[in-house]
Amino acid sequence: MKAVGHTQVAIESGFWARRLATIRDVTLWDVFRKFELARGDAFANFDRVAAGEHGAHVGFPFFDGLLYETIRGASDLLAVSHDERLDRQLDGYIERIARAQAVDPDGYLNTFTTLLCPDKRWGENGGNLRWQHEVYNAGCLVEAAVHHYQATRKRNLLDVAVRLADHMCGYMGPSPRKNIVPAHPLPEEAFVKLYRLFRDTPDLRKQYPQVAERRYLELARFWIDNRGNHTGRANCLPNLLESSQDHEPLLKQREAAGHSVKAGLLYTGLVAVAQETGRRKYYRAAMRIWENAVSRKMHVTGGVGAMHQEEAYGPDYFLPDDAYLETCAGVAMAFWNHRMGLAFGEARFADIFERVLYNNVLGGLSLDGTRFFYQNPLVSKGDLHRWDWHVCPCCPPMILKLLSGLGGYIYAHQREAIFVNHYVESTTTLPLEGDPLSVRQETQYPWEGRVQLGLDPQRARRIALHLRIPDWCPGFTVSVNGAAVEDVPLRRGYAVIQRVFSPGDRVVLDMRMPVMLIEANPYVEAARGRVAIQRGPLVYCLEEVDNEPGVDITLPERPALEHSYRPELLGGIVEVRGKALDGKDFRAVPYFTWGNRTPASPCGQKGPLEGGQIHDKGIPLSRNQMRVWVRRDGDWDPSVWVWRRPDILDGWDGLLYRPLAL
Ligand code: FUB
Ligand code: ZN
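So, here's what we can say about the structure. Computed from a predicted structure; not experimentally measured.

A metal bound by six donors in octahedral fashion has ideal angles of 90 or 180 degrees, whereas one bound by four tetrahedral donors has an ideal angle of 109.5 degrees. In the first shell of the zinc ion (ligand 2), the protein supplies Glu326 (OE), Cys328 (SG), Cys394 (SG) and Cys395 (SG), at 2.1 to 2.3 Å from the metal. For the zinc ion (ligand 2), the four donor atoms in the first shell make angles of 94 to 122° at the metal, so the coordination geometry reads as tetrahedral. Linear spacing of the donor residues for the zinc ion (ligand 2) on their chain is E-x1-C-x65-C-C. In this pair, cysteine 328 is assigned in helix H14 (residues 327-344) and cysteine 395 in helix H16 (residues 395-404), connecting sequence segments 67 residues apart. Of the residues examined, cysteine 328 reaches a relative accessible area of 2% and is grouped as buried.

Next up, the structure:
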């Protein structure tokens, strides 16, 4: 499928319009301000490079990249609603970035290396490619430049990015160039975007006669193909290790592994390269790794990267309550699933996108838009609070990148077929062959499951309308112009309504949205005997402020669960209420709203914790064995081995989560 870009989609009312207004009016400015003030001005690194200075550098080596990412997010906001002040502010930053690049004859740009270890570019001469983040930063610059150009049609940032990208294309790649791959993935997809920008914009292409855009795609492909090939890497880090998915060739990898942010961004780049080259081996690898990630390594919130060490994916089914689940990893998971959905044309990828978006990622940003979570575990002992700013502020820019472009994930099309992948109140015009098609979507989603679509083709025409039926949905009905449509076929997770649509037609999708209890696959030790509360795409949580201190609830076998909209609570939410086995009432709120009110008392939470701290993947698992993590004498014991019990998986069909039959 081809996605409808975010600039073509207007989100002006409903749940997301309110969230996006906060992001546009508050979060964006807050993030820039904190980068400038929190620990010194991170943009001043560029000024010092421009002035030929050496020495002090503000922040971690990847701060250049984080600033570029914030510019990308800002550009996407600018593209949907022009803001003179923001436009000028970005131009000011870009001028400082461009001045820093201008002093280098090659167009090389990485403030950390230039200021602190100028003889160690690209990790050479005893440098450290992983730590220096040069290729990653360059990728962030390239993607920011593409988005900024698309938003403004200005070349100021693109000029900088092209100069650096061209330098890289001459420096790294197949022998005799250097075998350098990004220690932190992201540039793979960014270079594909740069390639596409020039390929698809002939006017722009004419303005850059020196550009040979094919080289950008070739370098991205080189990075995918040469992960795990350590030949000739003597001058930087020969092996970037599993953290960077460099332990073996990517196309041979079978599991989601290593640093979970790097992993998600790498898999996104893998699919981007697959889409451009059409090579089946790339698609196959992406699908294999995806199956592993979502059927064995994903929390119910869509969060990934259970391990605290290395912010990494853990072993299969290792999904402890206090897992790490970095917000950035959730964003990367969303990017990856978006591309998978477009590439494979199946709704199950948008299901994962939705799960991670509404729970793990949205939970990473406070309701007022100024405070953040880095980790998003399922439980808090009362000592995890939102932070105003972090010494490693990687998550705010990633949140901005995803949410600023949210409009671009909703609709897609393919010849006469249109796809509604997400239920977000919005309007768009789909560029179908022949005439464009206007669509107006009205919905109270995620609070209600009813979606009304007004379709306005310019003339009566045959269209196959595909409506995603989410994995959580136990039943739905469809009507067109008030008449029920019987036996709507479900294809690849979409309800397909194929007919001649006329101007003014109205389609109503009604999805049942009961409160559900979700159980995890029995191999998930930490979840045995436990359930998650979910309604629609939202996973719920219990906070001390609404409940008894300690929040430790045992449910009766058939709990009566009620829900109602509470406009005054947490900006307006659907609350879930029930009675515990001991007869006491409890109240649950959407997980994404947690940590916005009075913090829980320290150690208020009881139950198994700290699983994510223990990890030793040194011992290979045999096919018939698995390691379980058992709590003994108050501690987790990782060394318990059991024979796999396929019998306990009866009826699970490879699922990781399913509704509990009540
Ligand atoms: O290495 C850059 C960023 O810092 C990663 O994406 C985050 O996970 C944090 O480790
Ligand atoms: Zn992060």
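Of the two faces of strand S16 (residues 538-541), the one carrying Leu538 and Tyr540 and the one carrying Val539 and Cys541 are both buried. Bridge count for strand S15 (residues 532-535) against S16 is two bridges, and the pairing is antiparallel. Residue glutamine 534 lies in a different strand from S16, and its bridge partner there is valine 539. Between S15 and S16, which pair antiparallel and follow one another directly, the connecting turn spans two residues, one of which, glycine 536, has a positive phi of 60°. As paired strands, S16 and strand S19 (residues 585-590) are joined by two bridges and run antiparallel to one another. Its bridge partner being in S19, tyrosine 540 is matched across the sheet by proline 590.

Moving on, we come to the environment of valine 500. Its place among the elements puts valine 500 in strand S12 (residues 494-501). In this structure, the C-alpha to C-alpha distance between valine 500 and glutamine 534, residues 34 residues apart in sequence, is 37 Å. Beyond its immediate sequence surroundings of up to four residues, valine 500 is in contact with Ala460, Arg461, Arg462 and Asp505.

This next bit is on the pattern of salt bridges. If you walk through the whole model with that rule in mind, you get 52 salt bridges. Linking aspartate 25 and arginine 24 is a salt bridge whose minimum nitrogen-to-oxygen distance equals 3.1 Å. Of the residues examined, aspartate 25 reaches a relative accessible area of 47% and is grouped as partly exposed. Among the residues examined, arginine 24 registers a relative accessible area of 34% and is labelled partly exposed. Two residues, aspartate 104 and arginine 121, come together in a salt bridge whose shortest N-O distance is 2.5 Å. Remark: arginine 121 occurs in the loop between helix H5 (111-116) and helix H6 (129-132) and aspartate 104 occurs in the loop between helix H4 (84-102) and H5; sequence separation between them is 17 residues. Residue classification places arginine 121 among the partly exposed positions, given a relative accessible area of 24%. Residues participating in the shared-partner salt-bridge network are Glu543, Asp546, Glu562, Arg566, Glu568, Glu575, Arg577, Arg587 and Arg597.

What follows concerns helix H8 (residues 156-171). If you check H8, its first and last C-alpha atoms are 24 Å apart, about what 16 residues at 1.5 Å a residue would give, namely 22 Å. Taken residue by residue, H8 has Leu157, Leu158, Val160, Ala161, Val162, Leu164, Ala165, Asp166, His167, Met168 and Cys169 as its buried positions. On its buried face, H8 is in contact with helix H3 (63-80), H4, helix H7 (134-152), helix H9 (187-200), helix H10 (202-207) and helix H11 (214-225). At the C-terminal side of H8, glycine 173 shows a positive phi close to 145°.

Turning our attention to the sheet that holds S16. With respect to topology, seven strands assemble into an open sheet ordered S17-S18-S19-S16-S15-S14-S22, the strand pairing being antiparallel. Unpaired on one side and paired on the other, strand S17 (561-566) and strand S22 (657-659) mark the two borders of the sheet. Adjacent strand axes in the sheet meet at a mean angle of 35°, parallel and antiparallel pairs treated alike.

Our next topic: the site of ligand 1. Taken together, the neighbourhood of ligand 1 is formed by Phe62, His133, His184, His259, Val261, Glu311, Glu326, Tyr374, Cys392 and Cys394. In this structure, an oxygen atom belonging to ligand 1 sits 3.1 Å away from a side-chain N or O atom of histidine 259. Here ligand 1 has 270 Å² of accessible area as a free molecule, and 90% of this is covered by the chains. Of the residues contributing to the shell around ligand 1, the split by class is five nonpolar, three polar and two charged.

With that settled, the discussion passes to the state of the cysteines. Evaluation of the coordinates by the stated rule reveals zero disulfides. No disulfide involves cysteine 169; its nearest neighbouring cysteine sulfur is the one of cysteine 140, lying 17 Å away.

Here H4 contains 19 residues, and its C-alpha end-to-end distance of 26 Å stays within 8% of the 27 Å for a straight helix at 1.5 Å per residue. Where H4 is concerned, the buried positions are Leu86, Asp87, Leu90, Tyr93, Ile94, Arg96, Ile97, Ala100 and Gln101. Of the surrounding elements, those touching the buried residues of H4 are helix H1 (15-37), helix H2 (44-50), H3, H7 and H8. At the N-terminal boundary of H4, the capping side chain belongs to aspartate 83, with an oxygen 2.9 Å from the backbone nitrogen of arginine 85.

The next point concerns unusual backbone geometry. Following serine 175, the chain continues to proline 176 via a peptide bond in cis, the omega torsion being 10°. Within the element layout of this structure, proline 176 appears in the loop between H8 and H9. Of note, the amide linkage connecting tyrosine 445 to proline 446 takes the cis form, showing an omega dihedral of 10°. Even without glycine at this site, glutamate 311 takes up a positive phi of about 50°. Within the secondary structure layout, glutamate 311 lies in the loop between helix H13 (280-296) and H14. For asparagine 481, which is not glycine, the phi torsion reads 50° and is therefore positive. Along the polypeptide, asparagine 481 turns up in the loop between strand S9 (476-480) and strand S10 (483-485). The exposure class assigned to asparagine 481 is partly exposed, which follows from its relative accessible area of 45%.

Parameters at a glance
Residues numbered from 1 in each chain as written. Chains lettered and ligands numbered in written order. Predicted model: local features only at pLDDT ≥ 70, side-chain atom pairs only at ≥ 80, totals over all residues. Heavy atoms only, no water. Donors = N, O, S within 2.8 Å, 3.2 Å for Na, K, Ca; no water. Tetrahedral: all angles 85-135°; square planar, octahedral: opposite > 155°, others 65-115°. Helix = DSSP H or I, 4+ residues; strand = E, 2+ residues; numbered from the N terminus. Buried < 20%, exposed > 50% of the residue type's maximum accessible area, 1.4 Å probe, protein only. Pairing = 2+ DSSP bridges. Contact = heavy atoms within 4.5 Å. Salt bridge = Lys/Arg side-chain N within 4 Å of Asp/Glu carboxyl O. Expected span 1.5 Å × (residues − 1). Axes fitted to C-alpha atoms, helices over the stretch in contact; angles between N-to-C directions. Near = heavy atom within 4 Å. Polar contact = N/O pair within 3.5 Å; in protein donor to acceptor, adjacent residues only side chain to side chain. Areas by Shrake-Rupley, 256 points an atom, 1.4 Å probe, with all protein chains shown as cover. Nonpolar A, V, L, I, M, F, W, Y, C, P; charged D, E, K, R; others polar. Disulfide = S-S within 2.5 Å.

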